[in-house]
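Observations on the three-dimensional arrangement
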Amino acid sequence: MVRIMTSDAIELIKASYAHATSTPRQLAGRFYQELFAAAPNLRALFPGDLTLLQGHFESALALVVRNLDEMGALRDSLRDLGAQHVHWGARPEDYVVAREALVAALASLTPSWDAAIEKHWRAAVTSIIVPMLEGAAVHTAIVAERLADDVSGGG
Ligand code: HEM
């Protein structure tokens with residue numbers, strides 16, 4: 001698990017997050033803009049109207065920011081979220097694009113942005129996507145196990 005957040009880093013992130021989300025849906029809106037600019041092919045995976053999803057995304061991110069000092073507590077939920085994402089068509093490499101889109105969105109909404117905050121945010125977002133990818137991998141492994149059991153089960 002990624003655990004590299006010092007309490008100073010966490011405070012910087014929380015302040016930046018509070019600023020970026022002072023207007024609801026602003027951050028999520030910016031994130032999807034950045035994401036689809038970087039990877040237009042991903043647009044088709046999402047519903048046409050992103051309003052509902054923007055709310056979900058911001059709540060998920062808010063939960064993570066509140067729990068940065070205890071990311072282990074969110075590991076199971078993030079793994080489940082990652083497993084769901086397999087069905088939505090998210091590939092491992094898309095997560096890096098999403099991370100950079102989120103960092104860019106945060107940068108555009110944080111007035112005191114600098115290299116240190118960027119580094120902390122990248123680490124924080126990495127600590128979200130690592131358990132999501134683990135969840136996707138475990139999900140795939142379970143499907144494989146079940147298939148293997150299906151053919152060996154009959155004896
Ligand atoms: C930082 C990483 C990410 C986080 C925190 C995140 C978070 C979320 C959340 C909270 C939802 C809503 C779940 C629900 O409705 O119950 C969602 C849906 C979705 N996400 Fe992500 N996501 C991430 C990365 C990605 C990536 C890399 C893709 C790649 C294409 C992706 C594609 C989708 C799609 C297609 C949906 C569902 C849209 C629908 O409702 O049909 N996400 N995501």
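In the block above lies the structure referred to throughout.
The paragraphs below set out a description of the structure included in this document. (Residues numbered from 1 in each chain as written. Predicted model: local features only at pLDDT ≥ 70, side-chain atom pairs only at ≥ 80, totals over all residues. Heavy atoms only, no water.)

Another point: the coordination of the iron atom of the ligand. Looking at the iron atom of the ligand, one finds just one donor atom contributed by the protein, His85 (NE2), at 2.0 Å. Its place among the elements puts His85 in helix α4 (residues 75–87). (Donors = N, O, S within 2.8 Å, 3.2 Å for Na, K, Ca; no water. Helix = DSSP H or I, 4+ residues; strand = E, 2+ residues; numbered from the N terminus.)

Below, the discussion takes up a negative patch on the surface. Where like charges cluster on the molecular surface, the negative patch consists of Asp8, Glu11, Asp69 and Glu70. Tracing the sequence through the fold places Glu70 in the loop between α3 (51–66) and α4. (Patch = residues over 30% accessible without salt bridge, like charges linked within 9 Å, V, L, I, M, F, W, Y side chains within 5 Å. Areas by Shrake-Rupley, 256 points an atom, 1.4 Å probe, with all protein chains shown as cover. Salt bridge = Lys/Arg side-chain N within 4 Å of Asp/Glu carboxyl O. Lys, Arg positive; Asp, Glu negative; His and termini not counted. Charge placed at Lys NZ, Arg CZ, Asp CG, Glu CD.)

Turning our attention to the nonpolar core. Counting 36 residues, the largest nonpolar core has Leu27 and Trp121 as the members making the most contacts within it. Sorting the residues of this core by element identifies α1 (7–20), α2 (26–38), α3, α5 (92–109) and α6 (115–153) as the ones contributing at least two each. Not counting residues within four places of it along the chain, the set of residues in contact with Leu27 comprises Tyr17, Ala20, Thr21, Glu58, Leu61, Ala105, Leu106 and Leu109. (Core = buried A, V, L, I, M, F, W, Y, C linked by side-chain atoms within 4.5 Å. Buried < 20%, exposed > 50% of the residue type's maximum accessible area, 1.4 Å probe, protein only. Contact = heavy atoms within 4.5 Å.)

Now for α4. The terminal C-alpha atoms of α4, which comprises 13 residues, lie 19 Å apart, in line with the 18 Å expected from a rise of 1.5 Å per residue. For α4, every residue scored as buried is listed here: Leu78, Gly82, Ala83 and His85. Buried residues in α4, looked at end-on, bunch into an arc of 155 degrees, giving them a common side. In this structure, α4 carries Asp76, Asp80 and His87 as exposed residues pointing more than 90 degrees from its buried face. Those residues of α4 that are buried lie in contact with α5 and α6. (Expected span 1.5 Å × (residues − 1). Arc of directions from axis to C-beta.)

Let's shift gears to empty space enclosed by the protein. For the structure shown, the criterion picks out two cavities of 30 Å³ or more. When its volume is computed, the second largest cavity comes out at roughly 30 Å³. Taken together, Leu61, Val64, Val65, Leu68, Trp121, Ala124, Val125 and Ile128 make up the lining of the second largest cavity. Residue assignment for the lining of the second largest cavity shows that the elements contributing at least two residues are α3 and α6. (1 Å grid on protein atoms, 1.4 Å probe; cavity = no way out; pocket = protein on both sides within 12 Å on 5 of 7 lines; lining within 4 Å. Points joined across faces, edges and corners; volume = space filled by probe spheres on them.)

Remember, this is a structural readout, not a statement about activity or role.
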